[in-house]
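# Tertiary structure, described
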Amino acid sequence: MRNNGNKGVGGVPKGDSKFTMFLSNEEMGLLEFVMKKLDGISRNKAKAILTKGGVLVDDVVVTRHDFVVKPDMVVKISKRRDPMEYAKQRGMRSYFSIVYEDDYLIVVDKCDEVLSMGVGRNSLNMKALLDNYFVETHQRCHAHVVHRLDVRTSGLMVYAKTYEAQQILMDNWHEIVSDRRYVAVVSPPMDEDAGHVESWLTDTPSHKVFSSSFDNGGKWASTDWELERTVGEYSLITLKLHTGRKNQIRVHMQLIGHPIVGDYKYGSEVDGAERLCLHAFRLAFTHPITGEELFFETPYPSYFVSLVR
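Throughout what follows, the structure given in this document is the object of discussion. Nothing here was measured: the structure is a model prediction, and the numbers come from that model.

## Here we look at the side chain of Ser-212
By the element assignment, Ser-212 lies in strand S13 (residues 209–212). You can call Ser-212 buried: its relative accessible area is 7%. With sequence-adjacent residues up to four places away left out, Ser-212 is seen in contact with Ser-199 and Trp-200.

Shown next as structure tokens:
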């Protein structure tokens, strides 16, 4: 594990990430929480960080000073008040790599800690990063969102460059996509070679998804997993989704008692994880305009491999 210079749960050393991550264990006002976690900074500085969109609660930007943080909420705090400006200074292409591009769409490999689309002012998100890339490369188009990955999940995503391509992909997503798989590291390790999980998932106002074994008005979700290898306290697994619900993999892994490493929101007890160990490594689909069959795959993140080496 990397030696943490920050106090945050699962954070990385200062300078390597724009956020420090904290897991709340008590109820208190968000302004008080920020002041406490940032070593007692002044109330005015804490208000400025909130106002400029520098605080995320369960991956959603919160600017209200009177917001109440409750136990088990994950709070991320940034001292950089303009994430997109910082991204420009660091180099926007450091947050993603281009896997495929033509006149109609672009497939990218997204880093973790990058939103799929903008939430709040100046949030670090793939749509804004791609729109900036299109300007730099003199392309007269915009990135049209087709699907999403959790902010803490890395991996393959497709964005449309035309409205027509976006509508075809969104309206026929389940028919167009033939294969979409993830790799994850879980702990404690798996004791079986493969398995299936299904349940009804319900989103809540606190932005946490809950699972039910019966239809309680939520959305039915189905996940298959397969063991790749186990070393010590960790298992590397691949997953295939039959549905694409919010936080589906994370909730289902918690449900069977094997939460994803670094997922403190859904039960991980591994201290000092560098990141959420979930990555979308395979994506296969039919091109919405040309009809060509496209297949993309990225290597497993090196950090995942290091845990099960």
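The structure having been displayed, the exposition proceeds.
## Observations concerning the packing of aromatic side chains
Ring pairs (aromatic) are described by centroid distance and by the angle formed between their planes. The tally for this structure, following the rule as stated, stands at 5 aromatic pairs. Judged by centre distance (6.3 Å) and plane angle (85°), the rings of Phe-22 and Phe-33 are edge-to-face. With Phe-22 in strand S1 (residues 20–23) and Phe-33 in helix H1 (residues 30–37), the pair connects residues that are 11 residues apart, well separated along the chain. As far as the burial class goes, Phe-22 and Phe-33 line up, both buried. The structure contains a cluster of three or more aromatic residues connected by ring pairs, namely Tyr-100, Phe-285 and Phe-296.

## Quick word on the pattern of salt bridges
Applying the stated rule across the entire model yields 11 salt bridges. Asp-131 is the salt-bridge partner of Lys-127, the closest N and O atoms lying 3.1 Å from each other. Placement of both Lys-127 and Asp-131 in helix H4 (residues 126–136) is noted, with a separation of 4 residues, approximately one turn of the helix. Residue class for Asp-131 comes out buried when judged on its relative accessible area of 18%. Among the salt bridges present, the one from Arg-250 reaches Asp-150, with a minimum N-O distance of 3.3 Å. A residue pair is termed long-range when its members are at least 10 positions apart, and Arg-250 in helix H7 (residues 248–255) and Asp-150 in the loop between strand S9 (144–145) and strand S10 (154–160) qualify at 100 residues. Judged by relative accessible area, which is 1%, Arg-250 ranks as buried.

## Focus: the side chain of Asp-263
By secondary structure assignment, the location of Asp-263 is in the loop between H7 and strand S16 (278–286). Setting aside anything within four residues of it in sequence, one finds Asp-263 in contact with Arg-152, Arg-250, Ser-268 and Leu-276.

## Some points on the nonpolar core
Across soluble globular proteins, you tend to see nonpolar side chains buried next to one another. Grouped together as the largest cluster of nonpolar side chains are 46 residues, with contacts concentrated most on Leu-130, Tyr-159, Met-253 and Ile-260. At the level of elements, strand S8 (105–110), H4, S10, strand S11 (177–186), strand S15 (234–241), H7, S16 and helix H8 (302–307) are the ones that each hand at least two residues to this core. If we skip the residues at most four places from it in the chain, Tyr-159 touches Leu-105, Ile-106, Val-108, Ser-116, Met-126, Lys-127, Leu-130, Ala-143, His-144, Val-145 and Val-146. Of all hydrophobic cores here, the second largest spans 20 residues; its members include Ile-41, Ala-46, Leu-50 and Val-55.

So, how was this worked out
Residues numbered from 1 in each chain as written. Predicted model: local features only at pLDDT ≥ 70, side-chain atom pairs only at ≥ 80, totals over all residues. Heavy atoms only, no water. Helix = DSSP H or I, 4+ residues; strand = E, 2+ residues; numbered from the N terminus. Buried < 20%, exposed > 50% of the residue type's maximum accessible area, 1.4 Å probe, protein only. Contact = heavy atoms within 4.5 Å. Phe/Tyr/Trp six-rings, centres within 6.5 Å; stacked < 30°, edge-to-face > 60°. Salt bridge = Lys/Arg side-chain N within 4 Å of Asp/Glu carboxyl O. Core = buried A, V, L, I, M, F, W, Y, C linked by side-chain atoms within 4.5 Å.

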